[in-house]
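Here's the letter readout for the chains.
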Amino acid sequence: MPTEPKFLYKYREVPGIDNINVYEEHEGYQAMRKALSMDQEAIINEVKIAGLRGRGGAGFPTFIKWNGIPKNWDQPHYLVINADEGEPGTCKDRDLMNYLPHLLVEGCIIASWAIRSSKCYIYIRGEYVQPSRQIQKAIDQAYEKGYLGKNILGTGYDLDMYVHLGAGSYECGEESALMSSLMGERGMPRHKPPSAPLPVISGVWESPTIVNNVETVAAAVPIIQFGGAEYAKYGTGGPTGPASRGTKLVSISGHVKKPGNYEVVLGTPIRELIYDIAGGIRGDKQLKFFIPGGSSTPLLTPDFLDTPYDYEALGKTGSLLGSGALIVYDETVSVPKLMTRLMEFYAHESCGKCTPCREGTNWLVKIHQRIMAGAGRPQDIDLLLDISNNIFGRSFCALGDAAAMPLAGFFAGKGAIYYFRNEYEELVRNGSGNKAGHYAPLQMAAGAPSGSSDGRVAVG
Amino acid sequence: MAETATAPAPAEVKPPVDLVTLTIDGKAVSVPKGTLVITAAFEAGADVPYFCHHPRLKPAGACRMCLVKIEKMNKIQTACTVPVAEGMVVDTVSPEVKQAQNGILEFLLINHPLDCPICDRGGECPLQNMTFQYGPGVTRFIDEKRHFPKAVPISDYVVLDRERCIQCARCTRFTEEISGDGGLAIENRGNGSIISPFTPDGLKSKFSGNTIELCPVGALTSRTYRFAARPWEFQSQDSTCVACGVGCSIAVQTRNGDLMRINGRLNEDINEEWTCDKGKFEQYWVNSEDRAREPLYRMAAQLSRVTWDDALKIATAGFKDAASNPASVAGIASAKVSNEDLYLFQRLFRNGLGSNNIDHRMGSLPTQKMQTSIAEVGEAKTIVAIGTQVDDDLPVLWLRVYKAISKGGAKYFRNDDPKDQSVTDAINAGAGTVLLVWHTVPQADIDYLTAACAASGAKINVLLPDANSRGAINLGILPDQLPGLHPVANGSPSIYETLWGAPVPSEPGLDTKGILEAAAAGKIKALYIMGVDLFAAYPDRDLVQRALDRVPHIVVQDLFVTETAKAAKVFFPTSSFIEREGTVTNIEGKVQTFKKAVASKGQSRADWQILSEVLARLGKTVKYSSARDIIREIDQVTV
């Protein structure tokens, strides 16, 4: 059940599927041909029927975004693909680009045609060297066949596609910072409505721009090929009201027997994802907690195993579906140690523009390092919550929110500290407090691989 | 005497402005569409704290200090980035907002060093002030603050303390948006962000001083003012800069009789609120030990100190003797002294000595007025500089040029060939084109350009260099013109008989070159030099040397004992622009006042005071007890 249907991964195991000839032997570029014979409005309508939502993390209905392009076709429009995939735990786009590059290229052609863009930029994070080579190779093959370039298949449609490499910034996965980086500026985020127009009105080079995640655009291929109604047959919710239709690529990692990227129907219970698809906890240990959608989403305890994996149900738990990165942790993991690592990530990736994120993440790291080294004070735990709440909703972009949510949770206020306060308290109790004044900078606590969970480090 | 470049405009019919009404803290305000919420809040009397916001810079939304609650938006918003909307309801004082303000300040302070006791900004520091009003009184941060190098010189004038910086980016945005050189940028990211010069050899900007005034903390400090004083210790005097012809409004800040620093002052017509580095940092010569403090007289080939009375007696006697033949007296004045000084200088010669042998020009000098105001340059669509590097010659004028470029999309280029096709094309574009032509461009070319502009509707601004170049022309420091641009050859207006008791000579005199050549030929017996070092300013050093060697009676008055002064028989020390009051006329014809901030150095006196004494000793009636008395008389003759 969880292995059917396959919209994206149908031909994943076919050897040489990254080659255009093999791809075309397996229904490749048929959706593109169909799309090029369709009206733009009809394509967007199929996407609407399919109920496709942004697969990068925000879950925004794709058809609304595509419809937002102003209909004055004399100015240039741009399609920008967000292949930055920075969210810790997420590697679905990497594998899609490595193994099924033509799926992305074909999806880009369909999407570009739908918004009447003649230029498509694929922004790939700089660390993804191999995927970027695969994509460039696929683009070159598509040009050779006349699927890119001037007058594609005689339709009069011109489309050029470019690969642009990032340079090591998580923030450049944020839509507006990505656009800045693409234009050669510092990867700093830009004003959002109401302070500035949406990217569909004014994005890169002040032109209407659509920024979509890799998976979202790849999904356009099966949606056009089989029709939106077929895609929408699967999933949860709707037809009126919020719905999670279709399939989602999920990166399952952590303490599971079979980590990997899987295509699942939205609404599959998380228990099934962990114990069936991923084979259960490795070493047959106990599940302690899991992070459902990438490190920015609040963790959930085993009480939530029966939650369906979709946008609405996860939202109700106080967490988020996010980018679809399910990270599983067993009983050997120290929550404060994990949070230390996460806070270090956000502090390192903060762009530095706004005060709460730049200073707040730095403070969260310093307190965590002090607690891990044994010099934590009782009031530090509530201080961590207070700092997180002072960041949340106050920062310039969502990175601040992402840094605040692991500890303090989302709207329900249930994050790591809510569920595992006792672990922090134990570290504070068993540490030397602030008395000695001297403590070692954080190293990964000695003995972690063999399972010590209190993270004590010798002081002095 | 207020001569402006443009004729008085007809009563302006302004286009109707779209107004938006919104409610702030329960009070309704109507503001033009496009106004930011923070600006509307100030108009409504609300107090919204901010750091990165600046009315002349594009909104940043970086510091998050100005967060306010706007109804129907679920997150609190930065007031400095959101434009007003009809019916918007804004709350700047709710508990949520107050808690947010407290939280942001706490964040800003955790890594900010506790440098207040030694920080220049202490006492005039927005971070201090905001913390008192909105911030926590006690810190919860017990960890180690992040460290950076302190006291990093980033330019000739500016020192950067990276630990104090709160990354508001006002300085980097200034260099991008106002001065245009992009000289400062943010390096690295996150908590490691630092301000850095964009090039390895430091910040090369003519406007770096403004970043010091913009910086809301003591991160950017002045090398000339560092650790020098506390802001509550000094007196601040509103004044006008006399370093160049723009005439920016400045605040002269002094302590114990010495200049501490010069800050910019608001003047929307001229410098908005900016300064240039020349005007801001290079005026400390007023404090110099080398300032001339006593009158000097040449006895036995040496200049020795004498009393004012003796010096004046000897100086006057020499001129009185020589004036029996008026063709043998001459005077050369600087264009950097005040209108009052210049007026009395020409009265000394025309009334006291009966001669028109006076000039101020060190080369040919066109006299035509600017056709636009300084502010209007900022509205042009095409700006062409001919013969001038604007940011060197009249720096703050360059800020207007860059304003036209950055805010109006104007085109700018420099080409010293007036007949080049690009220049012709620009002129032919008609209204919206402004030429900036330096005074050294030959008159024939200026005439050609003026005619071409008149035909197409473009405007030409001939630019004069010094603080009072325009004043020197208007007041007739010329051999052939009286004050008010009245030609000498047209005869003596009756007002001079009334005021001075005698008509003015109607035969034109010698210009600077003529004076120096006549002097070198032995025909000048008495020469008065006011405020100018001829060796430095006049292109032909050899002629100057030969001239000064032949004149038996030379009187020099200046701020320092210059090379020219060393050739004098009598030397009078003069007071600087911060030691007295006076007016200067800037390049667009605006008359502005500089004011006295400290006592005169040593025994120095204002130039006009010295001239007034000489006139009285020559037997003329003088009624001047203040600079303003002279202005009143100038108004009478130039009406």
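Just so it is clear, the structure is predicted and the values come from calculations on it, not from any experiment.

What counts and what doesn't
- Residues numbered from 1 in each chain as written.
- Chains lettered and ligands numbered in written order.
- Predicted model: local features only at pLDDT ≥ 70, side-chain atom pairs only at ≥ 80, totals over all residues.
- Heavy atoms only, no water.
- Helix = DSSP H or I, 4+ residues; strand = E, 2+ residues; numbered from the N terminus.
- Rg over C-alpha atoms; globule rule 2.2 N^0.38 Å.
- Buried < 20%, exposed > 50% of the residue type's maximum accessible area, 1.4 Å probe, protein only.
- Contact = heavy atoms within 4.5 Å.
- Areas by Shrake-Rupley, 256 points an atom, 1.4 Å probe, with all protein chains shown as cover.
- Lys, Arg positive; Asp, Glu negative; His and termini not counted.
- Charge placed at Lys NZ, Arg CZ, Asp CG, Glu CD.
- Core = buried A, V, L, I, M, F, W, Y, C linked by side-chain atoms within 4.5 Å.
- Salt bridge = Lys/Arg side-chain N within 4 Å of Asp/Glu carboxyl O.
- Phe/Tyr/Trp six-rings, centres within 6.5 Å; stacked < 30°, edge-to-face > 60°.
- Lys NZ or Arg CZ within 6 Å of the ring centre and 35° of its normal.
- Pairing = 2+ DSSP bridges.
- Axes fitted to C-alpha atoms, helices over the stretch in contact; angles between N-to-C directions.
- Buried area = accessible area lost by both parts, 1.4 Å probe.
- Polar contact = N/O pair within 3.5 Å; in protein donor to acceptor, adjacent residues only side chain to side chain.
- Nonpolar A, V, L, I, M, F, W, Y, C, P; charged D, E, K, R; others polar.

**A look at the overall build of chain B**
- Along its length, chain B carries 20 helices and 28 strands.
- Taking 2.2 N^0.38 as the reference for a compact globule, 639 residues should give roughly 26 Å; the C-alpha atoms of chain B span a radius of gyration of 28 Å, in line with that estimate.
- In terms of principal-axis extent, the alpha carbons of chain B reach across some 90 × 55 × 45 Å.
- Within chain B, the fraction of its 639 residues that count as buried is 57%.
- For chain B, the proportion of contacts with a sequence separation of at least 24, taken over those separated by at least 6, is 69%.
- Summed over all atoms, the accessible surface of chain B reaches about 25400 Å², with 52% contributed by carbon and sulfur.
- With 69 positive and 74 negative side-chain charges, chain B shows a separation of 2 Å between the mean positions of the two kinds.

**Considering the nonpolar core**
- A:Ile252, A:Ile274, A:Phe290, A:Leu326, A:Met339 and A:Tyr346 are the most contacted members of the largest nonpolar core, which has 67 residues in total.
- No other element matches the 8 residues that helix H13 (residues 335-349) of chain A contributes to this core.

**Observations concerning the environment of A:Glu423**
- Looking at where A:Glu423 falls in the secondary structure, it is placed in helix H17 (residues 416-430).
- Each C-alpha atom of the pair A:Glu423 and A:Pro336 lies 7.0 Å from the other, and the pair is 87 residues apart in sequence.

**Considering the pattern of salt bridges**
- Going through the model one piece at a time under the given rule, you end up with 61 salt bridges over all chains.
- A salt bridge links A:Asp93 to A:Lys92, with the nearest nitrogen and oxygen atoms 2.9 Å apart.
- Look at A:Lys92 and you get buried, because its relative accessible area is 1%.
- For B:Lys590, the salt bridge is made with B:Glu588, and the minimal N-O distance between the two is 3.9 Å.
- A relative accessible area of 27% means that B:Lys590 is categorised as partly exposed.
- Relative accessible area serves as the criterion here: at 7%, B:Glu588 is assigned to the buried category.

**Quick look at the packing of aromatic side chains**
- This structure, assessed with the given rule, holds 35 aromatic pairs over all chains.
- Aromatic side chains B:Tyr157 and B:Phe281 sit 4.3 Å apart centroid to centroid with 5° between the ring planes, which places their arrangement in the stacked category. With B:Tyr157 in the loop between strand E6 (152-153) and strand E7 (158-160) and B:Phe281 in helix H6 (residues 277-281), this pair connects stretches of sequence that are 124 residues apart.
- By relative accessible area, B:Tyr157 is classed as buried at 16%.
- Judged by relative accessible area, which is 5%, B:Phe281 ranks as buried.
- Seen from their ring centres, B:Phe345 and B:Tyr528 are 6.0 Å apart, and the 85° between their planes marks the pair as edge-to-face. Within this pair, whereas B:Phe345 is found in helix H8 (residues 339-352), its partner B:Tyr528 is found in strand E24 (residues 526-530), the two being separated by 183 residues in sequence. Pair check on accessibility: B:Phe345 and B:Tyr528 agree, each one buried.
- Through successive ring pairs, a cluster of aromatic residues spans A:Phe7, A:Phe226, A:Tyr231 and A:Tyr234.
- We note A:Arg12 situated over the ring of A:Tyr9; from NZ or CZ to the ring centre the distance is 4.3 Å.

**Re the pairing of strand E14 (residues 296-299) of chain B**
Residues and elements named next belong to chain B.
- Where E14 meets strand E15 (residues 302-305), 4 bridges bridge the pair, whose relative direction is antiparallel. Within E15, the position partnered with tyrosine 297 by the bridge is serine 304.
- Remark: 2 residues form the turn of the hairpin made by E14 and E15, two consecutive strands paired antiparallel; alanine 300 in that turn has positive phi of roughly 55°.
- With 2 bridges joining them, E14 and strand E26 (residues 570-573) adopt antiparallel strand pairing. Bridged to tyrosine 297 within E26 is valine 570.

**Focus: the sheet that holds strand E16 (residues 329-333) of chain B**
Residue and element names in this part refer to chain B.
- One open sheet accounts for 7 strands, arranged E15-E14-E26-E25-E24-E16-E17; its pairing is mixed. Every other strand in the sheet has two partners, leaving E15 and strand E17 (358-359) as the edge strands with one partner each.
- Taken together, the 2 bridges between E16 and E17 define a ladder with parallel strand orientation. For isoleucine 332, the partnering residue across the bridge sits in E17 and is aspartate 359.
- Contacts between helix H16 (residues 512-520) and the sheet are confined to E16, E17 and E24, with E16 contributing the most and set at about 135° to the helix.
- Its contacts with the sheet put helix H19 (residues 607-617) on E24, strand E25 (553-558) and E26, and the angle it makes with E24 is roughly 155°.

**Here we look at the interface of chain A and chain B**
- With 36 residues of chain A in contact, the opposing surface of chain B contributes 39 residues.
- Between chain A and chain B, the buried area comes to about 3100 Å², and carbon and sulfur atoms account for 48% of it.
- Taken together, the links from chain A to chain B amount to 3 salt bridges.
- A:Glu349 is the salt-bridge partner of B:Arg189, the closest N and O atoms lying 3.2 Å from each other.
- The tally of links from chain A across to chain B stands at 24 residue pairs in polar contact (both at pLDDT 80 or more).
- Among the secondary structure elements, those contributing two or more residues to the side of chain A that touches chain B are H13, helix H14 (355-372) and helix H15 (379-391) of chain A.
- Broken down by element, the side of chain A that touches chain B gets its largest block of residues, 10 residues, from H14(A).
- Residue composition of the side of chain A that touches chain B, grouped by class: 11 nonpolar, 14 polar and 11 charged.

**What about helix H4 (residues 170-177) of chain B?**
- Most of H4(B) sits out of view: 7 of its 8 residues are buried.
- Along its buried surface, H4(B) packs onto strand E8 (184-187), strand E9 (194-197), helix H5 (209-214), strand E10 (220-222) and helix H11 (395-408) of chain B.

**Comments concerning the pairing of strand E18 (residues 382-386) of chain B**
Residue and element names in this part refer to chain B.
- Buried residues dominate E18, accounting for 5 of its 5 residues.
- Burial along E18 is two-sided: Thr382, Val384 and Ile386 and Ile383 and Ala385, pointing in opposite directions, are all buried.
- With 4 bridges connecting them, E18 and strand E19 (residues 411-414) associate as parallel partners. Following the sheet pairing, threonine 382 is matched in E19 by lysine 411.
- Note that E18 and strand E20 (residues 433-438) share 5 bridges and pair parallel. Within E20, the residue paired with threonine 382 across the bridge is threonine 433.

**Thoughts on the environment of A:Ser350**
- Here A:Ser350 shows up in the loop between H13 and H14.
- As for A:Ser350 and A:Met188, which are separated by 162 residues in sequence, their C-alpha atoms are 9.7 Å apart.
- In contact with A:Ser350, not counting residues within four places along its chain, are A:Cys357, A:Arg358, A:Thr361, A:Leu399, B:Arg189 and B:Gly190.
- A polar contact is formed between the side chain of A:Ser350 and the backbone nitrogen of A:Gly352, at a distance of 3.4 Å.

**Quick look at the sheet that holds strand E10 (residues 325-330) of chain A**
Residues and elements named next belong to chain A.
- The strand order across the open sheet built from 4 strands is E8-E7-E10-E9, with neighbouring strands paired in mixed fashion. Across the chains shown, the open sheet's two edge strands, defined by having one partner strand only, are strand E8 (260-265) and strand E9 (287-291). Here the strands of the sheet are splayed against their neighbours by 30° on average, with no regard to which way each runs.
- The strands touched by helix H5 (residues 92-99) are strand E7 (247-254) and E8; relative to E7, the strand with the most contacts, the crossing angle is about 110°.
- In the packing of H13 onto the sheet, contacts are made with E9 and E10, and the angle to E9 comes to roughly 20°.

**Structural notes on unusual backbone geometry**
- Across the junction of A:Pro193 and A:Pro194, the peptide omega takes the value 5°, indicating a cis bond.
- Position of A:Pro194 among the secondary structure elements: in the loop between helix H8 (175-182) and strand E4 (209-213).
- The phi angle at B:Ala169 is positive, at roughly 65°, despite the residue not being glycine.
- Phi is positive for B:Glu272, which is not a glycine, with a value near 55°.
- The residue B:Glu272 is located in the loop between strand E13 (258-264) and H6 in this model.

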